[in-house]
Amino acid sequence: MSIDRIMHRKTYPLGGAAFPAEKMESDQFIDLERLFIIGARRWRVIALCAFLGLVLGVFYLIFTPPEYTAVTDVLIDDSMAKYAQEADSPVPPPSQVDALVLSEVEIMKSERLARTVATAEKLDRNQAFLYPPQSPLDWAKETVSGAIRAILPKPPGGEGSVQDARMRRAVELLQSGLDVNRVGRSYAIELSYRAGDRNLAGEIARAYAKAYLSDQLDANFDATERASIWLQGRIADLRSRSQA
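Rules of the game
- Residues numbered from 1 in each chain as written.
- Predicted model: local features only at pLDDT ≥ 70, side-chain atom pairs only at ≥ 80, totals over all residues.
- Heavy atoms only, no water.
- Helix = DSSP H or I, 4+ residues; strand = E, 2+ residues; numbered from the N terminus.
- Buried < 20%, exposed > 50% of the residue type's maximum accessible area, 1.4 Å probe, protein only.
- Contact = heavy atoms within 4.5 Å.
- Areas by Shrake-Rupley, 256 points an atom, 1.4 Å probe, with all protein chains shown as cover.
- Core = buried A, V, L, I, M, F, W, Y, C linked by side-chain atoms within 4.5 Å.
- Pairing = 2+ DSSP bridges.
- Axes fitted to C-alpha atoms, helices over the stretch in contact; angles between N-to-C directions.
- Salt bridge = Lys/Arg side-chain N within 4 Å of Asp/Glu carboxyl O.
- Left-handed = near helix turned anticlockwise from the far one by under 90°.
- Nonpolar A, V, L, I, M, F, W, Y, C, P; charged D, E, K, R; others polar.
- pLDDT = per-residue confidence, 0-100.

1. Digging into the overall build of the protein
Of regular secondary structure, the protein possesses nine helices and three strands. Helices and strands appear in the protein in the N-to-C order α-α-α-β-α-α-α-α-α-β-β-α. Burial statistics for the protein: of 244 residues in total, 20% are counted as buried. Taking contacts inside the protein between residues at least 6 apart in sequence as the whole, the part at least 24 apart equals 76%. Put simply, the protein shows about 19,300 Å² of open surface, and 60% of that area lies on carbon and sulfur atoms.

The following block contains the structure:
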């Protein structure tokens, strides 16, 4: 008696093993009922996490001081670009315009302009500006930084070093709260400042715009004065040559 054995064969592609269609569909399908069952089993953990998140959010809203942002726009005089353009070109190249505007943005962010604003507004003597209300996270950072500074050796100096330290802090606060961006592809620059006091934020934003315009006027005046001195020297040299 012979027993015939039947072997079931399956063909597989050459690139790798084949998987059943049901498994592929189950991997792509999200079983909402199963997720609901898992959530119902762990409802205590989910409720606890939601409650802790709500408590932390309320704690953050209560103890975090509000911030106000004052915005002002500064328009760059496009006649300044005429000095950089070619003689036969009626319009400056876009690359030169972009370089001009981006250079003015960096000037607004500079430490020199921040020091000018701090000096003009006497921010190094303004306790409300130097020590604003802080959030719990900022307070913790400030406490750690103060402890580290207390451990480190202090540099020698008297009242002058204290004034310098206040000025440095005022400059750092100004630069940290300042945001300067170009408006699209135009010559306009948007200058904004964040502070805990709305009046202080507006005053600092206006002071920045005023200091920048004064700086540009001083730079143009110095350039004109240097050009005038050079022309006078050139004229005197030509006069002496013509007489000779």
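2. Some remarks on the nonpolar core
Grouped together as the largest cluster of nonpolar side chains are 35 residues, with contacts concentrated most on Met108, Leu123, Phe129, Leu174, Tyr193, Ile204 and Tyr208. Considering every element that reaches this core, the biggest residue donor is helix α9 (residues 198-243), with nine residues. Sequence-distant contacts of Leu174, that is, excluding residues within four places in its chain, are made with Ala114, Val117, Ala118, Leu123, Phe129, Tyr193, Ile204 and Tyr208.

3. Details of the sheet that holds strand β1 (residues 68-75)
As summarised here, the arrangement of the three strands in space is β1-β3-β2, forming an open sheet in which the pairing is antiparallel. The sheet terminates laterally at β1 and β2 (178-182), the two strands that pair on one side only. Taking the axes of each pair of neighbouring strands and ignoring which way they run, one obtains an average angle of 20 degrees across the sheet. Inspection of the sheet shows β2 paired to strand β3 (residues 188-195) by five bridges, in the antiparallel sense. Note on β3: the bridge partner recorded for Asn181 is Glu190. Lying over the sheet, helix α4 (residues 94-109) contacts β1, β2 and β3, oriented at roughly 175 degrees with respect to β2. Against the sheet, α9 touches β1, β2 and β3, its axis set at about 20 degrees to β1.

4. Side note on the pattern of salt bridges
The final tally for this structure, using the stated rule, is seven salt bridges. Across the salt bridge formed by Arg234 and Asp237, the nearest N and O atoms sit 3.7 Å from each other. Residue Arg234 and its partner Asp237 are located together in helix α9, separated by three residues, close to a single helical turn. Looking at Arg234, the relative accessible area reads 39%, which means it is partly exposed. With relative accessibility at 27%, the residue Asp237 sits in the partly exposed group. A network of salt bridges, in which partner residues are shared, links Asp98, Arg182 and Arg185.

5. A closer look at the packing of helix α5 (residues 111-121) against α9
At a minimum axis distance of 9 Å, the contact between α5 and α9 shows a crossing angle of 115 degrees. Considering the relative orientation of α5 and α9, their crossing is right-handed. Between α5, through Arg112, Leu113, Ala114, Thr116, Val117 and Glu121, and α9, the contact on the second element is made entirely by Ala207, Tyr208, Ala211, Tyr212 and Asp215. Classifying every residue of the contact of α5 with α9 by side-chain character gives seven nonpolar, one polar and three charged.

6. Side note on the environment of Leu123
In this structure, Leu123 sits in the loop between α5 and α6 (127-130). Given the relative accessible area of 1%, Leu123 is considered buried. When the C-alpha positions of Leu123 and Val171 are compared, they lie 8.9 Å apart, and in sequence the two are 48 residues distant. In this view, Leu123 contacts Val117, Ala118, Phe129, Leu130, Ala170, Leu174, Leu200 and Ile204; residues no more than four positions away in its chain are not counted.

7. What to know about the confidence of the model for the protein
Per-residue confidence for the protein gives a mean pLDDT of 77, with 73% of residues at or over 70. Across residues 83-89, confidence stays below pLDDT 50; counting only partners more than four residues off in sequence or on other chains, it has five contacts.

8. Some details on the environment of Ile76
With respect to the element layout, Ile76 can be found in the loop between β1 and α4. What makes Ile76 buried here is its relative accessible area of 4%. Taking the C-alpha atoms as reference, Ile76 lies 5.4 Å from Tyr187; in sequence the two are 111 residues apart. Residues contacting Ile76, with those up to four places away along its chain left out, are Val101, Glu104, Tyr187, Ile189 and Tyr212.

9. A short note on the side chain of Asp124
Tracing the sequence through the fold places Asp124 in the loop between α5 and α6. Those residues in contact with Asp124 that sit more than four places away from it in its chain are Ala118, Leu130, Gln163, Arg166, Met167 and Ala170.

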